[in-house]
Amino acid sequence: MHQPSRSSCLSAPVAIPLGLWSIAVCLFLAARHISPDAVVRVPAVRIAEHLPAQAPQWAVDSESGDGLERAPCVGRFCSVGKLAPYRALDFEIGDELKRAVRARSWQGELVITYANVGGSAWVTNLALSLRNVGIEHFFVLEMSDLACDALYNSPARISCGWSSWDLAGCKSEKDTVGSVERMWFIRHHYLARIIGLGGVNVMALDGDIVVNAMPYPTLHDPLTLGGANLVISLDNAALSVNVNNGFLYLRACKPGGQTQRVLLEILQRERNFCFNRSVYLDSGAYWQATDAAGITQGINANAVRAGQHQPRFVSAKDQKIYQDVLTSAFCGRHLALRYEPTSVTVVKGRWSEYVRHFSGGLSNEEMLRCAAFEPHALPPFVRGEAEAFGAKTLPPRFSHWTRPLLLPARPPAGGIVGVQLLGLPADSERARAGGEVAAAPNTSFIASWHGTMEGEVPGWSGNWAFSPPKVAHFVGGMDKVGAMLALGWWRWQTEVVLANMPRDASGGPLALGAVDAPTLRHFKKGLPNVLALAGPGAAAWHAAFDVSVRAQGARRLWLSVLASLLGRVAVEPVTDCTQPWLVRLNNTAFGYSRRMQRVPREGVFQEVDERSRVGATMGECARGFSPPPPHAQGVCCFPLFDVRAKVRRRHGIAGLPGAHHRLVDAVLGRPGATRMDVEWASLGLPDSGLVDAPQLAASLGPAAVRASVLVLRVPLGFGWPQLVQLGEAARGSLCADLGPRCAEIAPESAPALPVWPPILADALRAAPTRELNPASSVAEWKSDPRAAELLRALSKPPRAARAPVIRGQSG
């Protein structure tokens, strides 16, 4: 991973928040980004069924679609170009899994990920990020043959197989909850099976992960993680009850050893729940003793009568069971604390008794002591700078954490944890003889978006733009794809893969990534030509987040009409980072996390109004798209929304055509790509009212029409004129991109387009105000002495920056 250079930027004086901002920008511009995807050329002939070719040499395509430099992979774990693509059948059939593992492993290493058909975008982006750092030794475990077929036959030729495993019928694809939980638990099933095969270390990754650097140097470091059998990631604290199973690395694990026992115990506990449900309901043995003692009681929500223990959907259910099993292995006794199999309330003040019962006699303090990892301190001279991230105040102090695994074997008669199995201390000497150890790296190796560990640099802080972790997990993100896009970590070739997949029964795409279904059609033949907006009028500056977001949406809609006229895809304009609803008290960036929104604190750059579900992330835009000074140059802010469609509908931006601004970088990364910047004033057309569409096309000229990226620069106070005489082809293209919103925005009876939805029209006409939005995070800081300095800085109106009339340049 490339770290920012330690230049004089770090020693710049910090007098006011804008000074801190300039330091952050200096760090950002000094940082070297890990480059994204690579497109793989493979033989045109499809490999018959699951039989691989004899490792043909297939090259990495120079047309990466990201526009960033790519460093060559060096070292023995570089496998790109050295393995054949592989299409496995059902892993539950015969030796299918064994053949796939042998075909796709390299130097004793293998990476797996898992998804259903709807998650194809996630795993495609992950696969391309693995290829980018030199890793081809992976395969995707899909939930259906159709989903695997779509990935394998896509332009990326992603190796995969599928599985019919369903935990003995407990996880049925016919049931919505069952199908989701099957994907959660299936990783543990196949990791245990791969251990049984022997001879390979395996890394399992969630689909919302991006790999930014070769992970093996850290994983094999003899001074830190090199001796660990089970490497896991932490979540909130260095405790087994706070681990995250989105990242798992299994090394030299023995069949029948502690790591395999942990994986099988996770499955056994869920199997017990599936086939013995009455045990966990009212009058069942699981809650009987604690209910009788007044420690627990049922919940009356959605129950026939008050106080029932009822089955319910539990988010990340497998992770909670995993935390319980790992804690059992740390403490050497069977216990169950994190996963509540049916609805329950622990009576206030009785938590310690709850712990004592379900841990088989441990007090809460004893449980926490045995659940704790053993920390390994960093030498003082290599510890992180405390000032690097103000929200955490403490720098990383540890290189890693370790703990031996001592999970007791199940008795021959079996039993249910929490009923027959409570306590049962392990034979420590016998367990230690297995020699298997769990370890967790610090957050320079893997970090999460919500980032709640001490010393961690989370994604929402914006610091990932400066110093990306080797493995970035977007868990807790409000709009994960939006955050990846802003950071430049979403590989646009993913959209090409999705566009070339088969359609579902309704004709729609099987999966969506960074663009809506109608816009996806433009990626069928590769990355499309795009139309972008720049200049002083491109970014909306408003104190209130709702007006700002809607004004940006109106600009995007207007640009989409022009894009349809010119046969292009519109990219969304950037937003202004200096708006007061985007807090930058530590001047690192702007992020938003569902988990952190309830705890506004120093360094949380977000809109704290939970009803808004709107934020922004910062990323690089060093191609002249930054708003004019005093906005920092070289960086931009990009809108970020909750994944739920109702948030987008609330702000009038649902279903707007176009793509994220970072598509510009991807298109300019193509060999021979060209760019043309055109100043609106040079066209001799009015900047408000009505504009004749044919006249606009003629004024641009053939060079602009041919450019891969056409940038339209508009002045401050631009009037956003409607287009008349758009033509049937352009109107048809616009309606194809608008989908259901065509009747509202581009009706055939309308003489001029776009027809502004009122919510967007009002925002577009709103004059920028310098008033503080009382719902913003800035208002939360009125009592802080730095707030006055920040508000004074924000009160300065932005100055317009002059731009060349017309210029052309190559990508």
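Residues numbered from 1 in each chain as written. Predicted model: local features only at pLDDT ≥ 70, side-chain atom pairs only at ≥ 80, totals over all residues. Heavy atoms only, no water.

## Notes on the sheet that holds strand β10 (residues 243-250)
Move 1: Taken together, 10 strands build an open sheet; the order of strands is β3-β6-β5-β4-β7-β10-β9-β15-β14-β13 and the sheet is mixed. The open sheet has two free edges, formed respectively by β3 (87-90) and β13 (374-377), since each of these has just one partner strand. Between one strand axis and the next, the sheet turns by 25 degrees as a mean value, whatever way the strands run.
Move 2: Where strand β4 (residues 109-115) lies against strand β5 (residues 138-142), 5 bridges are found, and the strand directions are parallel. Of the residues in β5, the one forming a bridge with Tyr 114 is Leu 141.
Move 3: Sheet contacts for helix α4 (residues 145-152): β3, β5 and β6 (160-162); angle to β6, the most-contacted strand, approximately 170 degrees.
Move 4: Relative to the sheet, helix α5 (residues 176-197) contacts β4, β5, β7 (201-205) and β10, its axis offset from that of β10 by approximately 25 degrees. (Pairing = 2+ DSSP bridges. Helix = DSSP H or I, 4+ residues; strand = E, 2+ residues; numbered from the N terminus. Axes fitted to C-alpha atoms, helices over the stretch in contact; angles between N-to-C directions. Contact = heavy atoms within 4.5 Å.)

## Overview of the packing of aromatic side chains
Move 1: Under the counting rule described, the total for this entry stands at 28 aromatic pairs.
Move 2: Centre to centre, the rings of Phe 247 and Phe 445 are 5.7 Å apart; their planes meet at 75 degrees, and the pair counts as edge-to-face. Residue Phe 247 is located in strand β10, and its partner Phe 445 is located in the loop between β15 (437-441) and β16 (446-448); the two are separated by 198 residues in the primary sequence.
Move 3: A relative accessible area of 1% places Phe 445 in the buried class. (Phe/Tyr/Trp six-rings, centres within 6.5 Å; stacked < 30°, edge-to-face > 60°. Buried < 20%, exposed > 50% of the residue type's maximum accessible area, 1.4 Å probe, protein only.)

## Remarks on the pairing of strand β22 (residues 674-679)
Move 1: Here β22 lies mainly inside the structure; 5 of its 6 residues are buried.
Move 2: Where β22 and strand β24 (residues 709-713) come together, 5 bridges link them in parallel fashion. What sits directly across from Val 678, in β24, is Leu 712.

## Some points on the nonpolar core
Move 1: Within the largest apolar cluster, 93 residues are counted, with the highest numbers of intra-cluster contacts made by Leu 205, Tyr 216, Leu 219, Phe 247, Phe 474, Trp 492 and Leu 663.
Move 2: Here Tyr 216 is in contact with Phe 77, Glu 109, Val 111, Ile 135, His 137, Met 203 and Tyr 249, once residues within four sequence places are set aside. (Core = buried A, V, L, I, M, F, W, Y, C linked by side-chain atoms within 4.5 Å.)

## Structural notes on the pairing of strand β21 (residues 635-641)
Move 1: When you tally the buried positions in β21, you get 7 out of 7 residues, the bulk of the element.
Move 2: Residues Val 635, Cys 637, Pro 639 and Phe 641 line one face of β21 and the alternating positions Cys 636, Phe 638 and Leu 640 line the opposite face, and both faces are buried.
Move 3: Note: strand β20 (residues 614-620) against β21, 7 bridges, orientation antiparallel. The residue bridging Gly 615 from the neighbouring strand is Leu 640, located in β21.

## Describing the state of the cysteines
Move 1: Applying the stated criterion to the full structure yields 5 disulfides.
Move 2: The disulfide that involves Cys 148 links it to Cys 160, with 2.1 Å between the sulfurs. Across the S-S bond linking Cys 148 and Cys 160, the dihedral sits near 95 degrees, which makes this disulfide right-handed. Here the residue Cys 148 occupies a position in helix α4, and Cys 160 occupies one in strand β6, the gap between them amounting to 12 residues. Each member of the pair Cys 148 and Cys 160 is classed as buried.
Move 3: Here Cys 331 is linked by a disulfide to Cys 370, with a sulfur-sulfur distance of 1.8 Å. Torsion about the S-S bond of the Cys 331 and Cys 370 cystine: about 75 degrees, corresponding to right-handed handedness. Placement of the pair is Cys 331 in helix α9 (residues 317-331) and Cys 370 in helix α11 (residues 364-371), with a sequence separation of 39 residues. (Disulfide = S-S within 2.5 Å.)

## Things to note about the environment of Ser 120
Move 1: Within the element layout of this structure, Ser 120 appears in helix α3 (residues 120-132).
Move 2: On the basis of relative accessibility, which here comes to 0%, the residue Ser 120 falls in the buried class.
Move 3: Residues within four places of Ser 120 in sequence aside, it is in contact with Glu 142, Leu 151, Leu 498, Met 501 and Ala 511.
Move 4: A distance of 2.7 Å separates the side chain of Ser 120 from the backbone oxygen of Val 117, its partner in a polar contact. (Polar contact = N/O pair within 3.5 Å; in protein donor to acceptor, adjacent residues only side chain to side chain.)

## Thoughts on the packing of helix α2 (residues 96-104) against α5
Move 1: Between α2 and α5, the least distance of the axes is 11 Å, while the angle of their chain directions is 75 degrees. Comparing their axes, α5 and α2 come out roughly perpendicular. Together, Leu 97, Lys 98, Val 101 and Arg 102 of α2 and Tyr 190, Arg 193, Ile 194 and Leu 197 of α5 make up the contact between the two elements.
Move 2: When the residues that make up the contact of α2 with α5 are grouped by side-chain class, the tally is 5 nonpolar, no polar and 3 charged. (Parallel < 35°, antiparallel > 145°, perpendicular 65-115°, else oblique. Nonpolar A, V, L, I, M, F, W, Y, C, P; charged D, E, K, R; others polar.)

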